[in-house]
Amino acid sequence: MTPLQQLLGGAFVLFVLWRFTRSLFVKSPVDNIPGPQTDSYLTGNMKNILGPDRWAYEKALVQQYGRLFKFYGLFNAKWLYTYDPRALHSIFVKDQDVFEENDVLLASFMTTLGPGLLATVEQQHRRQRKMLNPLFSAKHLREMTPIFNGIINRLQEAIATRVKSGTQEIDVLGWMGRTALELIGQGGLGHSFDPLTEDVADEFADAVKAYFPVLQQLELPRLLLPKLVKIGPAWLRRKVVEMLPYAPLQRILQISNALHDRSLKIYNEKKEALAKGDEALKQQVGEGKDIMSVLLRANLAASEDDRLPDEEVIAQVSTLVLAAMDTTSNALARILHLLSENQHVQQKLREELIRARDDGTGKLRDLDYDEVMELPYLDAVCRETLRRYPPVSVLLREVRKDALLPLSQPIRGLDGQLMHSVPVTKGMRVLTDIIASNCSPELWGPDADEWRPERWLEPLPKALEDAHVPGVYSHLMTFIGGARACIGFKFSQLEMKVVLAALLAAFKFEPTGKPVHWNAAGVAYPSVGKHSRKPEMPLKVTLL
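Now for a quick tour of the structure. Residue numbers restart at each chain and count upward from 1, following the sequence in its written direction. At least 70 in pLDDT is required for a residue's local features to be given in this predicted model, at least 80 for side-chain atom pairs to be given and counted, and no such filter applies to totals for whole chains, interfaces and linings, which use all residues. Side-chain numbers come from the whole structure's heavy atoms, not from hydrogens or water.

In this section: the packing of aromatic side chains. In summary, the pairing rule links any two rings of Phe, Tyr or Trp, Trp by its six-membered ring, whose centres are within 6.5 Å, and it sorts them by plane angle into stacked for under 30 degrees, edge-to-face for over 60 and tilted for everything else. The tally for this structure, following the rule as stated, stands at 13 aromatic pairs. On the numbers, 5.6 Å between centres and 40 degrees between planes, the contact of Tyr65 with Phe69 is tilted. Three labels apply to residues, based on accessible area from a 1.4 Å probe with only protein chains included: buried if under 20% of the type maximum, exposed if over 50%, partly exposed otherwise in between. Exposure remark for Tyr65: the relative accessible area of 24% places this residue in the partly exposed category. When the centroid spacing of 5.3 Å and the interplanar angle of 80 degrees are considered together, the rings of Phe148 and Phe491 count as edge-to-face. Placement of the pair is Phe148 in helix H7 (residues 138-163) and Phe491 in helix H22 (residues 489-506), with a sequence separation of 343 residues. We classify Phe148 as buried; its relative accessible area is 0%. The buried category is assigned to Phe491, whose relative accessible area is 2%. Here the aromatic cluster, defined as three or more aromatic residues joined through ring pairs, consists of Tyr65, Phe69, Phe71, Trp79 and Tyr81. A cation over an aromatic ring shows up here: Arg334 above the ring of Trp518, its NZ or CZ 3.9 Å from the ring centre. Its guanidinium or amino end placed over the ring of Trp444, Arg387 lies 5.2 Å from that ring's centre, counting from NZ or CZ. Every helix listed is a DSSP run of H or I at least four residues long, and every strand listed is a run of E at least two residues long, numbered separately from the N terminus. The criterion for a charge sitting over a ring is simple: Lys NZ or Arg CZ within 6 Å of the ring centre, and within 35 degrees of the ring normal.

Time to look at unusual backbone geometry. With phi around 60 degrees, Phe75 is a residue other than glycine that occupies positive phi space. Secondary-structure assignment places Phe75 in the loop between strand S1 (68-72) and strand S2 (78-82). Phe75 sits in the buried class, given a relative accessible area of 3%. Of note in the backbone geometry, Ser474 takes a positive phi value of approximately 55 degrees without being a glycine. Locating Ser474 in the fold gives a position in the loop between helix H21 (462-467) and H22. Judged by its relative accessible area of 16%, Ser474 falls in the buried class.

On to helix H12 (residues 247-276). For H12, which comprises 30 residues, the first-to-last C-alpha distance of 44 Å matches the rise-based estimate of 44 Å (1.5 Å per residue) to within 8%. Positioned one or two residues after H12, Gly277 has a phi angle of 110 degrees, which is positive. One less than the residue count of a helix, multiplied by 1.5 Å, gives the span that helix is expected to have.

Structure representation (structure tokens):
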């Protein structure tokens, strides 16, 4: 062991001892709140709370302790867990300056992606969002819909080629990932990653697909990242990381390098085309209508105070792709999985899509933005899947200053007294449960856990409307709310609906008989069997 490794090891041991001693003797204002016992003095309840099979564990805790409870984080730090609607409104909307994005996630995104929208806070984040918001408007999405349709037609052709001789087993997740990357590539970056009609290896695409599964393997070590990024200069930290013989760490370093290199290349190509004028942009993929081209033009025209520096624009490339690809592709895979298991829903949706696409001669036409967004049963299937199975199931926030967290209903403390609000202190962490909010029987009724698209064609429960869940989308927390709500949720909806409108009219999807297991991660993903961590989802596909 080198002197540097000995020094780092000794510092870590001292830090662990200090945190352990502190957890034993320092009182916390949440000591009176019920919750599970710690599983470990080192990792608390984190192995179960953040593990790949965490959903059953979390559901049991929610059923036992209700809308808000205490649990133990790293080194037995006392954290809060909630899905209470009023608490969520405080966290994401009213008091968002108190409950900021947690430092673990910020440090993870900053070190791997750079200072993009996911890694920044406060004024820096607001400046970036101000520049990006107009690019995700319905007006801009209408202009991009023909680009989307062109990509999906190639996808349909590629799958049809593989199943023209009869029913075949297809890795639907792989195809949805390739398609989502090409949609954000052309619509977001004005760059084509994948022709879809042939198999082409791409280092950037592989890095994007591996990002969240590898990050999941680093879930516990990442809890130390906010402290580690403050030690020494960046070049020294990088050198230390390169020396550590830990495979997931080395893989995330490779992924980060691949993402940055391609982001820089795309940025320079766009900047060069922009310098040559609008005609040069029109000759590129996306014809100058893509998000990156519009962003660069808007950034040049912006005032000095609003203009984004080069490193922030470059960071948006990987940020946009990561935020758009796994979430949307995995949500599409989930929809197709559910439709394969519910053939009556698949057929009902197919009939709606064929009616809408019929051009009057029996041929199918592409739908424009307003047509595809307004189909009621397609909308119901998408909403219900995003309600019951949100791609991101929990979000962590860090308390930046002492405050009171209000509750919509009181909880009973360990001393027997009712508590209408909970005191939180600077540095405390609060885990918000999106699934528990989206599937609360108190709000959605006794069938809240059931996947039932028809609920969106019926009047919603009054209890749900009265709860004022602060989500930006359909009383759901799937895209959260407030200043850090998902900026691309309309982009994502359009992607999903255009893909489904094409594929369900052309193909029938059925289960293969292989066990499909959904793994909890930063973004939930399927695998074959519970013990596999390889992202894949085979379905039987038949050409109609």
